[in-house]
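# Working through the structure, step by step
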Amino acid sequence: MHDSLPAEPLSHGLKQRHLTMLGLGGVIGAGLFVGSGAGIAVAGPGIVVSYLIAGAIAMLVMRMLGEMSSAMPASGSFSVHAERALGRWAGFSVGWLYWFLLVVVLAVEATGAAKIANGWAPGVPQWAWVLIFMVVFTGANLAAVKNFGEFEFWFAALKIFAIVTFLVLGLLAIFGVLPDTSAVGLSNLTGQGGFLPAGWSGVVSGVLAVIFAFGGLEVVTIAAAESDDPARAVGRAVRSAVWRILFFYVGSMLVIVTLLPWTSMKPGQSPYVAVLDAIGIPYAGQIMNIVVFVALLSALNANLYGSSRMVFSLAERGEAPKSLLKVSGGGVPRRAVLASVAFGFISVLLNLKWPDSVFLYMLNAVGAVLLFVWALIAVSQLRLRRRIEREAPETLTLKMWAFPYLTWAALAAMAAVLVLMLFDDSARPQVLWSAGATAAVLLVAGVRELRTRRV
């Protein structure tokens, strides 16, 4: 099983604490702090169930990824697994799709952070803030990998501190312990149409609204290849991340819908700010703005890192230009970083110039790609698990639960989400554009495969 795994030329500068925090912090972003408002607006208190369902799918995918990455650590993570399980076409397709997803989403994060910074310092134009962020994080990613690890460690620590503080304050307010608060009971969970005011269809709409907030978990398995003991490190990071994330997400949703009537939520406004305002925390809006700002910069940093390592891994396997393989003395793939940054810059410019046309099409083209990537991870795990059991069972240090039944259940759930998105007017363009982007990449992969067979 191991004989065909090349030694990773990248640095091994990431420590266990970096990986654990990356696993926890990588997924806590603006999608949770701001985007959850849209989910509450469609599902009411049932959003708790929506997060449980979406979180369960993400947990299963992480467990599958953890199993494969601890048995076969590689900087290309699931792209390498897909190639081993299904063939070159799969590794090529999933690698490039994920890279495209990261460099497009990067533009949303850079622009979002620039808008917040522009609000604090209106004298500095939005484009200048974008430039500052891109230069700073490009510098951090071009230097030693431990710099990236340190950035993410402290970013994640701040986000986790913010969520834990929010949960503690929320619980104290629910039980009427805080000054000027009285116990709220269950009236907000059962009033305004009950716990499921929009029925199960509302819960389903909530799943569609929140499932993509779990994207970003995958980066920890890419980063594991640059730690001292990849197999052990990824196992520990996946184990700790999965449960804590569910606790943070579901716990904070439960606090929000218990404290405030769900009808008071407005899409686009942070429900966290609404709760902090309601319990009398001064400057709640500004505090949350700082947390969202950090969350956006953290995601920007992680996406730059993840995209550079993915394109480097593709180059290693001959699926991207060989010129991207140059590694610095400190073990950093600098050309791969610069290539990803260049496309990130293009995405940002398109977002600033044509946010409602060109960039919107790009965003739609990656809208459902995460689900396609997750589905390929599940299919790869189905194929590879049997092979690992035959050839190197001792490497199975982290096993998928109830294999193969839960893997099939996760695949069925992802298929159901895609079908439901097709019937949802607002989500349909994402599925269609993403399917188009996926088909284009598969076509290129197929043509390459035919060419190599002829040679």
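Preceding this section is the structure that the text describes.
Quick summary incoming for the structure in this document. Worth saying up front: this structure is predicted, and the values here are computed from it rather than measured.

### Describing the overall build of the protein chain
A count of helices and strands for the protein chain gives 19 helices and zero strands. In terms of overall size, the protein chain behaves like a compact globule, its C-alpha atoms giving a radius of gyration of 22 Å where 455 residues would be expected to give roughly 23 Å. Considering only C-alpha atoms, the protein chain reaches an extent of 75 × 55 × 40 Å along its principal axes. The buried share of the protein chain, taken over its 455 residues, is 57%.

### Let's talk about helix α12 (residues 230-259)
With 30 residues, α12 extends 43 Å from end C-alpha to end C-alpha; this agrees with the ideal 44 Å at 1.5 Å per step. Burial analysis of α12 places 22 of its 30 residues in the buried class, the great majority of the element.

### Focus on the pattern of salt bridges
Summed over the entire model, instances satisfying the criterion amount to 11 salt bridges. One salt bridge connects Glu-67 with Arg-385, and the closest N-O pair in it is separated by 2.8 Å. Separated by 318 residues along the polypeptide, Glu-67 in helix α4 (residues 47-71) and Arg-385 in helix α17 (residues 369-391) bring together distant segments of the chain. The buried category is assigned to Glu-67, whose relative accessible area is 0%. Taking the relative accessible area as the measure of exposure, Arg-385 reaches 7% and is therefore buried. In this structure, a network of salt bridges that share partners links the residues Glu-67, Arg-385, Arg-386 and Glu-389.

### A short note on the packing of aromatic side chains
Enumeration according to the criterion identifies 18 aromatic pairs in this entry. Here the aromatic cluster, defined as three or more aromatic residues joined through ring pairs, consists of Trp-120, Trp-129, Phe-133 and Phe-293. The side chain of Arg-17 reaches across the aromatic face of Phe-153, ending 4.6 Å from its centre.

### Some remarks on the packing of α4 against α17
Where α4 meets α17, the axes come as close as 10 Å, and the angle between the chain directions of the two elements is 45 degrees. The orientation of α4 with respect to α17, classified from their angle, is oblique. Along this stretch, α4 crosses α17, giving a crossing that reads as left-handed. Along its contact with α4, which presents Ile-57, Ala-58, Val-61, Met-64, Leu-65, Glu-67, Met-68 and Ala-71, the element α17 presents Trp-374, Ile-377, Ala-378, Ser-380, Gln-381, Leu-384, Arg-385 and Ile-388.

### Here we look at a nonpolar patch on the surface
A cluster of nonpolar residues, Val-164, Val-168, Leu-171, Leu-172, Phe-175 and Val-177, forms a patch on the protein surface that exposes about 530 Å² of accessible area. Following the sequence through the fold, Leu-172 ends up in helix α8 (residues 145-174). We classify Leu-172 as partly exposed; its relative accessible area is 31%.

### Describing the environment of Ala-274
If you trace the backbone, Ala-274 turns up in helix α13 (residues 271-278). Expressed as a C-alpha distance, the spacing of Ala-274 and Ala-43, which sit 231 residues apart in the sequence, is 17 Å.

### Points about the packing of helix α7 (residues 126-142) against helix α15 (residues 334-353)
Any two packed helices are characterised by the angle at which their axes cross and by the distance between the axes. Between α7 and α15, the least distance of the axes is 11 Å, while the angle of their chain directions is 165 degrees. By the criterion of interaxial angle, the relationship of α7 to α15 is roughly antiparallel. Judged by the sense of rotation from one axis to the other, the crossing of α7 with α15 is right-handed. Side by side, α7 and α15 meet where Gln-126, Trp-127, Val-130, Leu-131, Met-134, Thr-138, Asn-141 and Leu-142 of the first sit next to Arg-334, Val-337, Leu-338, Val-341, Gly-344, Phe-345, Val-348 and Leu-352 of the second. Here the residues of the contact of α7 with α15 sort into 11 nonpolar, four polar and one charged.

### Let's talk about the side chain of Ser-69
Looking at where Ser-69 falls in the secondary structure, it is placed in helix α4. Owing to a relative accessible area of 3%, Ser-69 belongs among the buried residues under this scheme. The residues touching Ser-69, leaving out its near neighbours within four places in the chain, are Ser-77, His-81, Thr-221 and Val-234.

### Looking at the nonpolar core
Judged by nonpolar contacts, the single largest core of 162 residues is most densely connected at Phe-133 and Trp-374. At 18 residues, the largest contribution of residues to this core is made by helix α6 (residues 88-120). Setting aside chain neighbours within four positions, we find Phe-133 in contact with Ala-110, Ala-113, Ala-114, Ala-117, Phe-293, Leu-297 and Leu-300.

Calculation rules
- Residues numbered from 1 in each chain as written.
- Predicted model: local features only at pLDDT ≥ 70, side-chain atom pairs only at ≥ 80, totals over all residues.
- Heavy atoms only, no water.
- Helix = DSSP H or I, 4+ residues; strand = E, 2+ residues; numbered from the N terminus.
- Rg over C-alpha atoms; globule rule 2.2 N^0.38 Å.
- Buried < 20%, exposed > 50% of the residue type's maximum accessible area, 1.4 Å probe, protein only.
- Expected span 1.5 Å × (residues − 1).
- Salt bridge = Lys/Arg side-chain N within 4 Å of Asp/Glu carboxyl O.
- Phe/Tyr/Trp six-rings, centres within 6.5 Å; stacked < 30°, edge-to-face > 60°.
- Lys NZ or Arg CZ within 6 Å of the ring centre and 35° of its normal.
- Axes fitted to C-alpha atoms, helices over the stretch in contact; angles between N-to-C directions.
- Parallel < 35°, antiparallel > 145°, perpendicular 65-115°, else oblique.
- Left-handed = near helix turned anticlockwise from the far one by under 90°.
- Contact = heavy atoms within 4.5 Å.
- Patch = residues over 30% accessible without salt bridge, like charges linked within 9 Å, V, L, I, M, F, W, Y side chains within 5 Å.
- Areas by Shrake-Rupley, 256 points an atom, 1.4 Å probe, with all protein chains shown as cover.
- Nonpolar A, V, L, I, M, F, W, Y, C, P; charged D, E, K, R; others polar.
- Core = buried A, V, L, I, M, F, W, Y, C linked by side-chain atoms within 4.5 Å.

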